[in-house]
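# Fold and contact review
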Amino acid sequence: MELRIAAMRWLATEIIGVELVALDGSVLPPFDAGAHIDVHLPGALIRQYSLCNHPDERHRYCIGVLKDAASRGGSRAVHDQLRVGQTVQVSAPRNLFALQGGAGRSVLLAGGIGITPMLSMAQRLAQQGRDFELHYCVRSKGRAAFIDTLHNSAFAAQVHLHVDDGAAQQKLDMAGVLAAQDDQAHLYVCGPTGFMEHVLNSARAHQWPEARLHREYFAAAPRAEGDAGSFEVRLRSTGLQVLVPADKTVVQALEEAGVFIPVSCEQGFCGTCLTAVLGGQPDHRDSFLTDAEKARNNQFTPCCSRAKSAVLELDL
Ligand code: FES
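Calculation rules
- Residues numbered from 1 in each chain as written.
- Predicted model: local features only at pLDDT ≥ 70, side-chain atom pairs only at ≥ 80, totals over all residues.
- Heavy atoms only, no water.
- Helix = DSSP H or I, 4+ residues; strand = E, 2+ residues; numbered from the N terminus.
- Buried < 20%, exposed > 50% of the residue type's maximum accessible area, 1.4 Å probe, protein only.
- Contact = heavy atoms within 4.5 Å.
- Phe/Tyr/Trp six-rings, centres within 6.5 Å; stacked < 30°, edge-to-face > 60°.
- Core = buried A, V, L, I, M, F, W, Y, C linked by side-chain atoms within 4.5 Å.
- Domains from an automatic or database assignment.
- Salt bridge = Lys/Arg side-chain N within 4 Å of Asp/Glu carboxyl O.
- Pairing = 2+ DSSP bridges.

Quick look at the environment of A122 now. With respect to the helices, strands and loops of the structure, A122 is situated in helix α2 (residues 115–127). Of the residues examined, A122 reaches a relative accessible area of 0% and is grouped as buried. For the pair A122 and L150, spaced 28 residues apart in sequence, the C-alpha separation works out to 9.4 Å. Excluding residues that lie within four positions of it along the chain, A122 makes contacts with L108, F132 and F155.

Pasting the structure below:
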């Protein structure tokens with residue numbers, strides 16, 4: 001879709017809000033809480049941004065973008081090159097971070113810019129009268145986007161702000177948060193990878209099953225680089241066999257052979273390139289699949305993952 005930038009406004013230090021509307025003012029495809037859109041940016045970049053407005057709104061998509069010092073170009077392009085009145089290409093909303101059903105409490109944990117999907121989720125949960133609490137961790141108050149929206153909301157009492165440079169007693173007590181939940185609760189986390197790893201590892205240490213842990217990465221999770229040796233991929237449909245050298249990804253090697261796999265983040269966190277594996281053993285290097293999904297070895301992310309076996313047969 002080609003959408004027009006209707007408004008841009010500062011939400012907090014280094015965070016800008018962008019409001020996108022249809023060129024003719026018509027309604028946009030619906031989305032539910034946790035959904036994101038792919039935004040095509042100057043420089044042929046494609047980046048994913050969570051929708052942060054109320055999921056019942058059909059007249060606009062709202063995103064919040066942090067100007068990231070370690071930007072690979074996406075956040076800088078939004079801040080420095082996008083302006084009100086311009087048009088941008090975006091995908092239809094996709095939801096890889098959906099709220100689960102059930103009566104249990106939803107525990108939302110947002111770190112910094114990870115508040116964007118959580119804001120939409122909190123609004124949906126409040127609208128449905130479901131039990132939830134939102135923990136919002138920021139480095140300082142000036143970096144907390146949507147703070148007025150949250151404080152003025154009908155669910156303000158369920159919002160807990162934790163500021164790194166604030167008093168010790170208001171800081172996030174992850175063990176305490178986890179201990180206060182029953183075995184029906186679901187945990188949702190989004191934010192910087194270090195924050196997410198802390199939350200998820202704390203939950204695992206408290207015996208939370210993976211089925212009740214939900215996360216959305218904005219960037220690749222840190223990982224120890226394994227051996228990046230060469231291997232071959234074979235396509236089930238044609239039998240084509242392609243060598244993947246150590247200095248190329250599966251996506252790149254296949255592209256040179258005329259086989260195109262759609263990609264977006266190219267870092268293993270969005271799931272766009274997910275491909276079924278019919279034989280061989282993948283070397284999973286993504287943060288998109290859960291550990292249980294990885295253990296099944298029946299799919300992998302060819303933008304970054306490799307192979308432990310000499311040959312990987314793909315359902316392509
Ligand atoms: S392109 Fe995002 S996971 Fe591969």
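Back to the write-up after that little detour.
What follows deals with the packing of aromatic side chains. In this structure the tally under the stated criterion is 3 aromatic pairs. Both rings, one in F97 and one in Y188, keep their centres 6.2 Å apart while their planes meet at 75°; by these two values the pair is edge-to-face. Of this pair, F97 sits in the loop between β6 (87–90) and β7 (106–111) while Y188 sits in strand β10 (residues 186–191), and the two are 91 residues apart along the sequence. As far as the burial class goes, F97 and Y188 line up, both buried.

The next subject is the nonpolar core. Of all hydrophobic cores here, the largest spans 31 residues; its most connected members are L108, I115, M118, M121, L134, Y136 and L150. At the level of elements, β7, α2, β8 (132–138), α3 (147–151), β9 (159–163) and β10 are the ones that each hand at least two residues to this core. Looking at which domains feed residues into this core, each of domain 1 (2–90) and domain 2 (106–217) supplies at least three. In contact with Y136, not counting residues within four places along its chain, are A110, G112, I115, R143, A144, A145, I147, L150, H160, L161 and H162. Of all hydrophobic cores here, the second largest spans 24 residues; its members include V18, V39, I63 and V88.

To continue, consider the pattern of salt bridges. Counted by the stated rule, this structure contains 12 salt bridges. Here R105 ties to D131 by a salt bridge, and the two come within 3.0 Å at their closest N and O atoms. One end of the pair, R105, is in the loop between β6 and β7; the other, D131, is in the loop between α2 and β8, with 26 residues separating them in the sequence. Take R105: its relative accessible area is 27%, and that puts it in the partly exposed class. A single network of salt bridges, built from pairs that share partners, joins R9, E19, E57 and R60.

Here the focus is the pairing of strand β3 (residues 36–41). Counting buried residues along β3, 5 of its 6 residues qualify, which places the element largely inside the surrounding structure. Alignment of β3 against strand β4 (residues 45–50), held across 6 bridges, turns out to be antiparallel. Within β4, the residue paired with I37 across the bridge is Y49. Linkage of β3 to β4, two consecutive antiparallel strands, is achieved through a turn of 3 residues, within which G43 is found at a positive phi near 90°.

This paragraph deals with the pairing of strand β18 (residues 311–314). Regular strands show a simple pattern: their side chains alternate between the two faces of the sheet. Both strand β12 (residues 231–235) and β18 contribute to a ladder of 4 bridges, which runs parallel. Bridge assignment links E232 to a residue of β18, and that residue is V311.

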